[in-house]
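Here is how the chains run, residue by residue.
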Amino acid sequence: MKVTTKPRLAGKTCLVTGAARGIGAGIARAFAREGATVLVTDIEVEGGEAVAREIGGRFRRLDVAAEDDWAALAEAQPEIDVVVNNAGITGFEGDAPPPHDPEHATLEAWRAVHAVNLDGTFLGCRYAIGAMRAKGAGSIVNISSRSGLVGIPAASAYAASKAAVRNHTKSVALYCAGQGLDIRCNSIHPAAVMTPMWEPMLGTGPDRASREAALVADTPMKRFGRVEEVAALAVMLASDEVAYMTGAELTIDGGLLAGSAAAPG
Ligand SMILES: NC(=O)c1ccc[n+]([C@@H]2O[C@H](COP(=O)([O-])OP(=O)(O)OC[C@H]3O[C@@H](n4cnc5c(N)ncnc54)[C@H](O)[C@@H]3O)[C@@H](O)[C@H]2O)c1
């Protein structure tokens, strides 16, 4: 007997932000494999168009921090089934990143990180609720971080923004449920997934290998995560399989948050 399984996202139109590379591109690919119509968005036009071409999706330039971009999207795409708020920055991009510790971070650097990670997610959720209202159903997936669950002194703006993404996810989930809408909102909390985001932190010099090794040594599973592994969670949250799950936070971190370095031996 031939067993055929229906693609898990068949018939769904899904928007992914920051999908030109890294985790966002992985999610876009996984969604397309599961039968979704994918709207790939990013500020990186070339990379975004390439991902869209590869998966048979559409590309649209969308700066998540720009309210006007979301307003234009709402006109062009008034209905959507799934929104993944994935676009995010550490603040360490560029040649001479400023310090991000609580004593020396500038307000400008702090705000720049929050503009993308937090304002971008707020605007993405607001768009999603409006664009899901007609059907009264949908799934919003917010990519937070394990850094949203613990303090990261050297990346305090990033950590605070991701903690706020975690909390806003729960407000959105409760708001939608309270409105009688079947719109779910959940957060994913990855750690140490090998993507271009790590490049400025790992560097290219002779210390790169030892920096990588130190990160891996601190991870119980002793390896970096893969974008496909994060994408698999996004597929699950986007699908109707977990229709009772909202306001939840899913960690995918090789076991990092399961324990404490100070545990007795
Ligand atoms: N890689 C990890 O280890 C890790 C761990 C925890 C959380 N995350 C989160 O996962 C998400 C994806 O990270 P990644 O590792 O794939 O990063 P990445 O840097 O490889 O990709 C991020 C993408 O976002 C896009 N982007 C940046 N600013 C944007 C803006 N204003 N509007 C639209 N797009 C914008 C970039 O152009 C890029 O394509 C981020 O939110 C990140 O914080 C990553």
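Summarised in this report is the structure supplied together with it.

So, how was this worked out
Residues numbered from 1 in each chain as written. Predicted model: local features only at pLDDT ≥ 70, side-chain atom pairs only at ≥ 80, totals over all residues. Heavy atoms only, no water. Helix = DSSP H or I, 4+ residues; strand = E, 2+ residues; numbered from the N terminus. Areas by Shrake-Rupley, 256 points an atom, 1.4 Å probe, with all protein chains shown as cover. Lys, Arg positive; Asp, Glu negative; His and termini not counted. Charge placed at Lys NZ, Arg CZ, Asp CG, Glu CD. Core = buried A, V, L, I, M, F, W, Y, C linked by side-chain atoms within 4.5 Å. Buried < 20%, exposed > 50% of the residue type's maximum accessible area, 1.4 Å probe, protein only. Contact = heavy atoms within 4.5 Å. Salt bridge = Lys/Arg side-chain N within 4 Å of Asp/Glu carboxyl O. Disulfide = S-S within 2.5 Å. Axes fitted to C-alpha atoms, helices over the stretch in contact; angles between N-to-C directions. Parallel < 35°, antiparallel > 145°, perpendicular 65-115°, else oblique. Left-handed = near helix turned anticlockwise from the far one by under 90°. Nonpolar A, V, L, I, M, F, W, Y, C, P; charged D, E, K, R; others polar. Near = heavy atom within 4 Å. Polar contact = N/O pair within 3.5 Å; in protein donor to acceptor, adjacent residues only side chain to side chain.

Examining the overall build of the chain
Next, step 1: When you go through the chain residue by residue, the secondary structure sums to eight helices and seven strands.
Next, step 2: Viewed in the frame of its principal axes, the chain has a C-alpha envelope of about 50 × 50 × 40 Å.
Next, step 3: Of the roughly 13,100 Å² of accessible surface on the chain, 55% is carried by carbon and sulfur atoms.
Next, step 4: Side chains of the chain give 25 positive and 30 negative charges; the mean places of these two sets differ by 7 Å.

Quick look at the nonpolar core
Next, step 1: With 32 residues, the main nonpolar core has Ile27, Phe31, Val38, Val40, Val84 and Ile188 as its most contacted residues.
Next, step 2: When residues of this core are traced back to their parent elements, those giving at least two are strand E1 (13-16), helix H1 (22-33), strand E2 (37-42), helix H2 (45-55), strand E4 (82-85), strand E5 (137-143) and helix H8 (227-238).
Next, step 3: Among the elements that take part in this core, H8 stands out by supplying eight residues, more than any other.
Next, step 4: With near-sequence residues (within four places) excluded, Ile27 lies in contact with Val16, Val84, Ile143, Ala231 and Ala234.
Next, step 5: Judged by nonpolar contacts, the second largest core, of 24 residues, contains Leu73, Tyr127, Ile129 and Ile140.

As for the pattern of salt bridges
Next, step 1: For the structure on display, the rule yields 13 salt bridges.
Next, step 2: Where Glu241 meets Arg8, a salt bridge forms, and the shortest distance between an N and an O atom there is 2.7 Å. Note that Glu241 is positioned in the loop between H8 and strand E7 (249-252) and Arg8 in the segment before E1, a separation of 233 residues in sequence.
Next, step 3: On the accessibility criterion, Glu241 (47% relative accessible area) is partly exposed.

Quick notes on the state of the cysteines
Next, step 1: Taken as a whole and judged by the stated rule, the model has zero disulfides.
Next, step 2: The closest cysteine sulfur to the non-disulfide-bonded Cys176 is located on Cys185, 7.0 Å from its own sulfur.
Next, step 3: Here Cys185 stays free of any disulfide, with the sulfur of Cys125 as its closest cysteine sulfur at 4.6 Å.

Quick notes on the packing of H1 against H8
Next, step 1: Closest axis-to-axis distance for the H1/H8 pair is 8 Å, and the angle between their directions is 55°. Taken together, the axis directions place H1 and H8 in an arrangement best described as oblique. In this structure, H1 crosses over H8, and the sense of that crossing is right-handed. Contacts between H1 and H8 involve Gly22, Ile23, Gly26, Ile27, Ala30 and Phe31 from the first element and Val227, Val230, Ala231, Ala234, Val235 and Ala238 from the second.
Next, step 2: Class assignment for the residues of the contact of H1 with H8 results in ten nonpolar, two polar and no charged.

Examining the site of the ligand
Next, step 1: As a structural note, the neighbourhood of the ligand is formed by 28 residues, with Arg21, Asp42, Asn86, Tyr158 and Thr195 the closest of them.
Next, step 2: Side-chain polar atom of Arg21 to an oxygen atom of the ligand: 2.7 Å apart, as the coordinates give it.
Next, step 3: A distance of 3.0 Å is found between a nitrogen atom of the ligand and a backbone nitrogen or oxygen belonging to Val64.
Next, step 4: When the ligand sits alone it has 830 Å² of accessible area, and the protein chains cover 95% of it.
Next, step 5: Taken together, the elements giving at least two residues each to the shell around the ligand come down to H1 and helix H5 (156-178).
Next, step 6: Per-class residue counts for the shell around the ligand are 16 nonpolar, seven polar and five charged.

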